[in-house]
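Remarks on the overall topology
Here is how the chains run, residue by residue.
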Amino acid sequence: MPKLILSMDGLVLKEIVLAKERTSIGRKPVNDIQIDNLSISGQHAVITHILGDTFLEDLNSTNGTYVNGQPVKKHVLRNNDVIELGKYRIKYLVDAATPGVSATELVDTAALKPFDVGTVEATPAGTSTQVRTARGGATQKTSSTTTTATGRLLGQLGVIQVLNGVNTGQELELSKSVTTLGKPGQQVAVITRREQGYFITHVEGEAHPQVNGAEIDVQAHRLNDHDIIEIAGVKMEFFLRS
């Protein structure tokens, strides 16, 4: 199970296991992690742990929240990340034995590198059967695989296909545990691949991504076959491929 190591000036003050879905950090006693220091806001930040993924969110604190020296508003935590709050440091550690999570998976920087939907690499031709549909001319994939009650096709890999702009028709396979989509500074989201299926979560930007025309909330949103995602003005179709 993931844990946090709170320290100051190299001295370890406390170890916290992330056993809850939501862990609050701040100066007020109501917080799960109370740091009684004037540089820390009353309700400074919150850490949310959902389905093996851990997200840090700054709650509009006065002095800000930093991860590995960089200011963040919302951030997907990776193994060995260091959260900085004034003089305090909180190190995020993942136990490789945690069910559904592996330390290797969380430090895969290639999977977490921001991906601009304007630079999607096309999937080589002949990798799947495509059928033109009436929905905006988007291509869909056909399969005889049985659909589960949640809409996830058993034994298939998630793929997104760009539906508008100069890169219409280009595809990206969601083979990594975490795929980051969008434009940094404008709108960013992550799609995580879990045993339960694929989930999209808002990371950065005032407006949240849309799925089938409706904005998702702050919680991870499960994706179903042929959902239409819109991030940073680019529409994409999510589908499952054998």
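Please refer to the structure higher up on the page.
Our subject in this report is the structure included herewith. (Residues numbered from 1 in each chain as written. Predicted model: local features only at pLDDT ≥ 70, side-chain atom pairs only at ≥ 80, totals over all residues. Heavy atoms only, no water.)

Summing up its helical and strand segments, the chain has 2 helices and 23 strands in all. Residue pairs in contact within the chain that sit at least 24 positions apart in sequence constitute 42% of those at least 6 positions apart. For the chain, the exposed area adds up to about 12100 Å²; of that, 50% sits on carbon and sulfur atoms. (Helix = DSSP H or I, 4+ residues; strand = E, 2+ residues; numbered from the N terminus. Contact = heavy atoms within 4.5 Å. Areas by Shrake-Rupley, 256 points an atom, 1.4 Å probe, with all protein chains shown as cover.)

Along the chain, Phe 238 falls in strand E23 (residues 234-241). C-alpha of Phe 238 to C-alpha of Val 159: the two residues are 79 residues apart in sequence and 5.7 Å apart in space. Sequence-distant contacts of Phe 238, that is, excluding residues within four places in its chain, are made with Gly 158, Val 159, Ile 160, Leu 174, Tyr 198, Leu 223, Asn 224, Asp 225, His 226, Asp 227 and Ile 229.

This part takes up the sheet that holds strand E6 (residues 53-58). In space, the 5 strands of this open sheet follow the order E4-E3-E5-E6-E9, with mixed pairing throughout. Since the sheet does not close on itself, it has two edges, and those belong to strand E4 (33-34) and strand E9 (74-76), each with one partner. Relative to strand E5 (residues 45-50), strand E3 (residues 22-26) is paired through 4 bridges, and the arrangement is antiparallel. By the bridge assignment, Ser 24 is partnered in E5 with Val 46. (Pairing = 2+ DSSP bridges.)

The next subject is the environment of Ile 16. Its location among the elements puts Ile 16 in strand E2 (residues 11-17). Taking the C-alpha atoms as reference, Ile 16 lies 9.4 Å from Asp 32; in sequence the two are 16 residues apart. Every residue in contact with Ile 16, bar those within four places of it in the chain, is listed here: Lys 3, Leu 4, Leu 6 and Ile 33.

This paragraph deals with the nonpolar core. The biggest cluster of nonpolar side chains holds 20 residues, and the ones touching the most others in it are Leu 4, Ile 35, Ile 47, Leu 56 and Ile 83. For this core, the secondary-structure elements that each account for two or more residues are strand E1 (3-8), E5, strand E10 (82-85) and strand E11 (88-93). The leading source of residues in this core is E11, at 3 residues. Formed by 19 residues, the second largest nonpolar core is a distinct cluster that contains Leu 174, Ile 191, Ile 229 and Met 236. (Core = buried A, V, L, I, M, F, W, Y, C linked by side-chain atoms within 4.5 Å. Buried < 20%, exposed > 50% of the residue type's maximum accessible area, 1.4 Å probe, protein only.)

Our focus in this paragraph is the pairing of E11. Residue alternation in E11 divides its side chains into a buried set, Tyr 88, Ile 90 and Tyr 92, and an unburied set, Arg 89, Lys 91 and Leu 93. As judged from the 6 bridges shared by E1 and E11, these two strands associate in the antiparallel manner. For Ser 7, the partnering residue across the bridge sits in E11 and is Arg 89. As paired elements, E10 and E11 share 4 bridges and run antiparallel to each other. In the strand pairing of E11, Ile 83 is matched with Ile 90.

Two side chains bearing opposite charge may form a pair once their charged atoms approach each other closely. For the structure shown, the criterion picks out 5 salt bridges. Arg 241 is the partner of Glu 173 in a salt bridge, and the nearest nitrogen-oxygen pair spans 2.9 Å. Taken together, the positions of Glu 173 in strand E15 (residues 171-173) and Arg 241 in strand E23 put the pair 68 residues apart, joining distant regions of the chain. Classification of Glu 173 by relative accessible area gives partly exposed; the value is 34%. (Salt bridge = Lys/Arg side-chain N within 4 Å of Asp/Glu carboxyl O.)

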